[in-house]
Amino acid sequence: MKPVVTNADAVNPQLSKGWLDYAQHVGFATDPARVRSPQDKPRVERAVQYVRGNFWAGECFSDLADAQARVEAWCRERAGMRIHGTTARRPLEMFTELESGCLLTVPAPYDVPIFTRVKVHRDYHVEIARALYSVPEHLLGAHLDARADSALVTLYTTGGPGAGRLVKTHPRQPPGGRSTDRDDLPEHKAGYALRDLSRLIGACAGHGQHIGIYAERLLDEPLPWTRMRAVYRLLGLVRRYGPAPVEAACERSLDLDVVSVSKIASMLEKAREREQPTLPAAAGSAHNTQSGRFARTPSEYGPPNIGRGGVQLSLIPGGTTPSAATTTPEDQP
């Protein structure tokens, strides 16, 4: 069978990985017959004819449990107690005397694994069953053989003299999950891959107290890892302009409660991080020496002075021409 024998060579047949894994779990060896050589296994196939003709022929079973119960009774009382033509002995007695002591214990249920070949991608992870698993840095771009059961994922080298060497083991993750070992990643990428917010804030605080506080404000979100790129942009501004200007800009922005890296970048680009911002004064206050463009005195909102020739604007439903909307005191009733 192709699922068992991948290369039917007469001297050195190649068995599939799945079959070898199952044979190792159960504890038996495999001795395949030669291709087109029925004389290699006649006694094995001859027993099939005996069971088919002596047990199945003419029988009718109600369900699977009934068939299993009746075949056990048939083995003990009929097939096992007959005189075998080759050994001239009863099979049940011979089995009890010679063969039962050679049997292995019943193994645990076999956890059917997944066998696949994967490639290490640029993020130092491989994908198995829609989940990601980290691999040591020096294997970037290499192909690995993977075995994944319900509990573990094991990765092995492929090709060359060191083929089959175990390189990594991870707990099995559900689809969409991720298992990352910090030691597998380069130092400058470990924090981002692991979403280490504390380490990221500490890196910002190392350049200045207010830079660290500003990073905390940026990450103060229900999903903080979605704001990590903004913090990395803030660190980029530190590398470009130096810690002192960025520290001053963050301090000024915190005073004004403005949390935006784009604003910090604009301040640094215009070199205005140390300027004291001037807030606009309220209209009509003592600090407002010049009225704004749309500032009006309170008297302008009062009722018109008919005696002095004031002008009143009236709203006509449906809309009219400007001349109809503007009336003079003489037109008022």
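Structure: above.
The model shown is predicted, which means the values in this text are computed figures rather than measured ones.

**Some thoughts on the overall build of the protein chain**
Stage number 1. Along the backbone of the protein chain there are eleven helices and eleven strands.
Stage number 2. By residue count, 24% of the 333 residues in the protein chain fall in the buried class.
Stage number 3. By sequence separation, contacts in the protein chain at least 24 residues apart represent 44% of the contacts at least 6 residues apart.

**A word on the pairing of strand S7 (residues 152-157)**
Remember that side chains alternate between the two faces of the sheet whenever the strand is regular.
Stage number 1. One ladder, built from five bridges, connects strand S6 (residues 143-148) with S7; its direction is antiparallel. Bridging from a neighbouring strand, Asp145 pairs with Tyr156 of S7.
Stage number 2. Hairpin geometry of S6 and S7 is characterised by an intervening segment of three residues between the two adjacent antiparallel strands.
Stage number 3. One ladder, built from five bridges, connects S7 with strand S8 (residues 166-171); its direction is antiparallel. Looking at the pairing, Thr154 lines up with Thr169 of S8.

**Here's the deal with unusual backbone geometry**
With the exception of glycine, the majority of residues adopt a negative phi angle, and the majority of peptide bonds are in the trans configuration.
Stage number 1. Look at Arg36: it is not a glycine, yet its phi comes out positive at around 55°.
Stage number 2. Within the secondary structure, Arg36 is located in the loop between helix H1 (17-26) and helix H2 (42-56).
Stage number 3. When its relative accessible area of 77% is taken as the criterion, Arg36 is described as exposed.

Cut-offs used in this document
- Residues numbered from 1 in each chain as written.
- Predicted model: local features only at pLDDT ≥ 70, side-chain atom pairs only at ≥ 80, totals over all residues.
- Heavy atoms only, no water.
- Helix = DSSP H or I, 4+ residues; strand = E, 2+ residues; numbered from the N terminus.
- Buried < 20%, exposed > 50% of the residue type's maximum accessible area, 1.4 Å probe, protein only.
- Contact = heavy atoms within 4.5 Å.
- Pairing = 2+ DSSP bridges.

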